Protein chains: 2
Amino acid sequence: MVSRQTVSRVINEQTNIRDTTRERVLQVMRELDYRPSRAARMLATNRSRLVGVVATVNGVHYGPTRIIAAIEDAARANGYAVILTTVRNLSPVELADGVDHLVREGVEGIVAVAPQAHALDAMSALAQPVPAVILQADGSRSDSGLSVDNELGAALAARHLTGLGHRSVAMVSGPSDWSEAVARTRGFAHTVQASGAAIVGVAEGDWTAESGYRACQQLLGTGATAVFCANDQMALGLLHAVTDRGLRVPVDLSVVGFDDVPEAAHYLPPLTTIRQDFDELGQRAVATLLSVVENGRATRRPPIPPHLIVRASTLPLASALAAPRDPRPGL
Amino acid sequence: MVSRQTVSRVINEQTNIRDTTRERVLQVMRELDYRPSRAARMLATNRSRLVGVVATVNGVHYGPTRIIAAIEDAARANGYAVILTTVRNLSPVELADGVDHLVREGVEGIVAVAPQAHALDAMSALAQPVPAVILQADGSRSDSGLSVDNELGAALAARHLTGLGHRSVAMVSGPSDWSEAVARTRGFAHTVQASGAAIVGVAEGDWTAESGYRACQQLLGTGATAVFCANDQMALGLLHAVTDRGLRVPVDLSVVGFDDVPEAAHYLPPLTTIRQDFDELGQRAVATLLSVVENGRATRRPPIPPHLIVRASTLPLASALAAPRDPRPGL
DNA sequence: CCACATCATGTGACCGCTCACACAACTCGA
DNA sequence: TCGAGTTGTGTGAGCGGTCACATGATGTGG
């Protein structure tokens, strides 16, 4: 027979326990299939070891899902459990609602997968009770490097296209209230202009393939020979629309996406795109959050560099000219 | 001044509280920004109001993600929070690990998004401490209708294709240890055979586009004029492979998918597919689980009927013959 | 061999809530 | 007017751990 305190010591892997005693306790714990009550521990220590995640999986699934999985993984590895709440959209109201729910559950910190500008504002406005980190923020704000370097990614795309000889390029951007979208647009524009090429059109989408399809309409007649889409879904929609109009990708038009979803390699044609490391992003989010929770201060790190994945949807402009089946390639 | 018990009564919305007292308490709660401690309540009531979700988001994201979101929504509406754990795969070990983690967290019930046969066995083998429901099981076992009617969906696809005049059809199935995959294969085979058409080939994929691409290889030479793929991603891969080989869909080959992911409408060509109602599935999972948790017994319901969504990837066989640009359409 | 540090274990109080019950202040019909 | 409900509110105990401290067993140097 041992006291509760001794059991407590064994559970918490404290020192100052005789090995034989520890073994005896563990043995009995096994026999009784004993599980410490998290509630009691929470009550006594005033720590929940719970991390909350707010996310929206509306429209775009791949990125957030991967991120959430990575967060859960990292949190669990650090002894935290993840409590998830999904919101329909990232409006301040929904977000506040989600955060409130999490706080009520007693989370020690919150990861918001909320790349919208106003979401950032909303979060910093209300996340008083517990520390929070915001994922995929702009990069320009106080986001501790919790984002992929969207500007760099877009620059990679731009450099690729201009390097292929394209002089008139267009873009399908994400919604302008998403900081990632803004960063991508900015990075693309800068780099294209720096190379002396011209941006002959920008259509704003909402990340969905459907919006990419519609964007094509707006870009017709711009004469662009290459289009950069702010994500793969929109690129898919654009591919569809372009094909419907009898244009051939990449012969008549080069297309670049962003994300590198697993399906992108099988789009028709396989999509040249920018790969983001969502797993790393999720891990960093947890690392940052926990360092705030446990040590009080966050570690700032440079944003994660994305990579260019070249597939069949881009071709040198020259090729189109070499085999001109159409009087005028481009949109 | 009131006693703690009175406050407790207000929080739990019990009767026998004078309105003025209640108001006074609420007022003070607001002033102090008071939040009841979930830990203490859990300890006292021995109820966590926590629902655990185990899922894998490996390879296939859309379905599970939608389901998880729906579960969270429904759970929250019922006053429960969702604690999520993702596993790399649905092997008994990983699954047991995930479940164990959830049990340790004190969840009152578990939803396993685990459509693999052995997962079902593993779950029923070990989920002793708390009730659990398994999503998207076979339909043939004790799964309380927590699945889409996969057989019906596959039958819909089969009927559509044979109705278009196809007599030699092939299939790209899911992994044979996934109950959904088996159900789809079975439903497809039955219906095709009942119509007098022949299944000239079955290739097994792993749900990924990549595997759909490879499946094409195995199906070559079978002479199939239509292929049913057990999910949209594999259909995308097949589309890619088929196009690489110079065949045209739907003229030379009709293709049907399953799931109706948002992108399917923009595949090239837009994919005829079977739409599943993932949201309904998630809601039902929670409803069933909570009815077990709270009332002790589950409500059985018939599986959810899926729907055929006809797009451009399927065409009557006659059309191919009417405009024969290739000596022999089909694979 | 004793005084004193060190190690191993036990004890009382408390975390913030709910339960069961006690109790006072009102009904209200006979 | 009184006893018997009804209604509103308070009290002690306990949920299962942890904390701070007390205590007994074991070592260690002079």
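The structure displayed is predicted, hence computed values, not measured ones.

### Brief notes about the overall build of chain A
Logical step 1: A count of helical and extended segments in chain A gives twelve helices and ten strands.
Logical step 2: Evaluated residue by residue, chain A yields a buried proportion of 53% over its 331 residues.
Logical step 3: The contacts in chain A between residues at least 6 apart in sequence include a share of 72% that link residues at least 24 apart.

### Regarding the packing of helix α3 (residues 38-45) of chain A against helix α3 (residues 38-45) of chain B
Geometry of a packed helix pair, given as the angle between the helix axes and the separation of the axes.
Logical step 1: Running from N to C, α3 of chain A and α3 of chain B cross one another at 140°; their axes reach a closest spacing of 8 Å. With respect to each other, α3 of chain A and α3 of chain B are oriented oblique. Crossing handedness for the pair α3 of chain A and α3 of chain B: left-handed. Residues A39, A40, M42 and L43 of chain A of α3 of chain A pack against A39, A40, M42 and L43 of chain B of α3 of chain B.

### Some points on the relation of the copies chain A and chain B
Logical step 1: Placing chain A over chain B gives an RMSD of 0.1 Å and needs a rotation angle of 180°, together with 0.0 Å of translation along the axis. These values place the two chain copies in the arrangement generated by a two-fold rotation axis.
Logical step 2: When you check the interface residues of chain A against chain B, 100% turn up at the interface there too, and the contact is symmetric in its surfaces.

### Notes on the confidence of the model for chain A
Logical step 1: Averaged over every residue, the pLDDT of chain A is 88; the share at 70 or more is 90%.
Logical step 2: Ranking the elements of chain A by mean pLDDT puts helix α12 (residues 317-322) of chain A last, at 53, and strand β9 (residues 273-275) of chain A first, at 98.

### Things to note about the nonpolar core
Side chains of nonpolar character tend, in soluble globular proteins, to be buried together.
Logical step 1: Ranked by size, the top nonpolar core spans 104 residues in total, and within it V227, C229 and L238 of chain A together with V227, C229 and L238 of chain B carry the most contacts.
Logical step 2: When neighbours within four sequence positions are excluded, L238 of chain A is seen to be in contact with V172, G212, Y213, A215, C216, V227, C229 and V255 of chain A.
Logical step 3: Core analysis: the next-biggest nonpolar cluster, separate from the first, contains 84 residues, V54 and F278 of chain A together with I68 and L102 of chain B among them.

### Description of the protein's contact with DNA strand C
Logical step 1: Taken together, 23 residues lie around DNA strand C, and Q5 and T21 of chain A together with S8, A40 and A44 of chain B are the ones closest in.
Logical step 2: Of all the secondary-structure elements, those providing two or more residues to the surface near DNA strand C are α1 (4-11) and α3 of chain A together with α1 (4-11) and α3 of chain B.
Logical step 3: Of the residues forming the surface near DNA strand C, the biggest block, five residues, is contributed by α3 of chain B.
Logical step 4: Within the surface near DNA strand C, the residues separate by chemical class into nine nonpolar, ten polar and four charged.

### Structural notes on the sheet that holds strand β4 (residues 132-134) of chain B
Logical step 1: Strand order across the open sheet formed by eight strands is β4(A)-β3(A)-β1(A)-β2(A)-β2(B)-β1(B)-β3(B)-β4(B), with mixed pairing between neighbours. For this open sheet the edge positions go to β4 (132-134) of chain A together with β4 of chain B, each flanked by a neighbour on one side alone. With direction set aside, neighbouring strand axes in the sheet form an average angle of 25°.
Logical step 2: In this sheet, strand β2 (residues 81-86) of chain B lies alongside strand β2 (residues 81-86) of chain A in antiparallel orientation, the contact comprising three bridges. Residue pairing for β2 of chain B: L84 of chain A is matched across the bridge by V82 of chain B.

### Here we look at helix α10 (residues 232-244) of chain A
All names here are of chain A.
Logical step 1: In this model α10 runs 18 Å from its N-terminal to its C-terminal C-alpha over 13 residues, within 8% of the 18 Å that 1.5 Å per residue would give.
Logical step 2: Buried residues along α10 sit against β5 (168-173), α9 (209-219), β7 (226-229), β8 (254-256) and β9.
Logical step 3: Two residues or fewer past α10, G246 is found with a positive phi of approximately 85°.

### Things to note about the protein's contact with DNA strand D
Logical step 1: Near DNA strand D you find 23 residues, and of these S8, A40 and A44 of chain A together with Q5 and T21 of chain B are the closest.
Logical step 2: Mapped by element, the contributors of at least two residues to the surface near DNA strand D are α1 and α3 of chain A together with α1 and α3 of chain B.
Logical step 3: The element that contributes the greatest number of residues to the surface near DNA strand D is α3 of chain A, accounting for five residues.
Logical step 4: Residues that form the surface near DNA strand D fall into these classes: nine nonpolar, ten polar and four charged.

### Structural notes on the interface of chain A and chain B
Logical step 1: The interface of chain A with chain B comprises 40 residues on the first partner and 40 residues on the second.
Logical step 2: Within the residue set of the side of chain A that touches chain B, elements represented by two or more residues are α3, α4 (62-77), β2, α5 (92-104), α9 and α10 of chain A.
Logical step 3: In the side of chain A that touches chain B, the residues fall into 18 nonpolar, 14 polar and eight charged.

### Things to note about the packing of helix α9 (residues 209-219) of chain B against helix α10 (residues 232-244) of chain B
Residues and elements named next belong to chain B.
Logical step 1: Between α9 and α10, the shortest axis-to-axis distance is 6 Å and the interhelical angle comes to 45°. Judged by the angle between their axes, α9 and α10 are oblique. α10 is crossed by α9, and the crossing has right-handed handedness. Of the residues in α10, those in contact with A209, E210, S211, G212, Y213, A215 and C216 of α9 are Q233, M234, A235, L236, G237, L238, H240, A241 and V242.
Logical step 2: Considered class by class, the residues forming the contact of α9 with α10 number ten nonpolar, five polar and one charged.

Conventions used here
- Residues numbered from 1 in each chain as written.
- Chains lettered and ligands numbered in written order.
- Predicted model: local features only at pLDDT ≥ 70, side-chain atom pairs only at ≥ 80, totals over all residues.
- Helix = DSSP H or I, 4+ residues; strand = E, 2+ residues; numbered from the N terminus.
- Buried ≥ 20, exposed ≤ 12 C-beta atoms within 10 Å, placed from the backbone.
- Contact = placed C-beta atoms within 7 Å.
- Axes fitted to C-alpha atoms, helices over the stretch in contact; angles between N-to-C directions.
- Parallel < 35°, antiparallel > 145°, perpendicular 65-115°, else oblique.
- Left-handed = near helix turned anticlockwise from the far one by under 90°.
- Least-squares fit on C-alpha atoms with pLDDT ≥ 70 in both.
- pLDDT = per-residue confidence, 0-100.
- Core = buried A, V, L, I, M, F, W, Y, C linked by C-beta atoms within 7 Å.
- Near = placed C-beta within 6 Å.
- Nonpolar A, V, L, I, M, F, W, Y, C, P; charged D, E, K, R; others polar.
- Pairing = 2+ DSSP bridges.
- Expected span 1.5 Å × (residues − 1).

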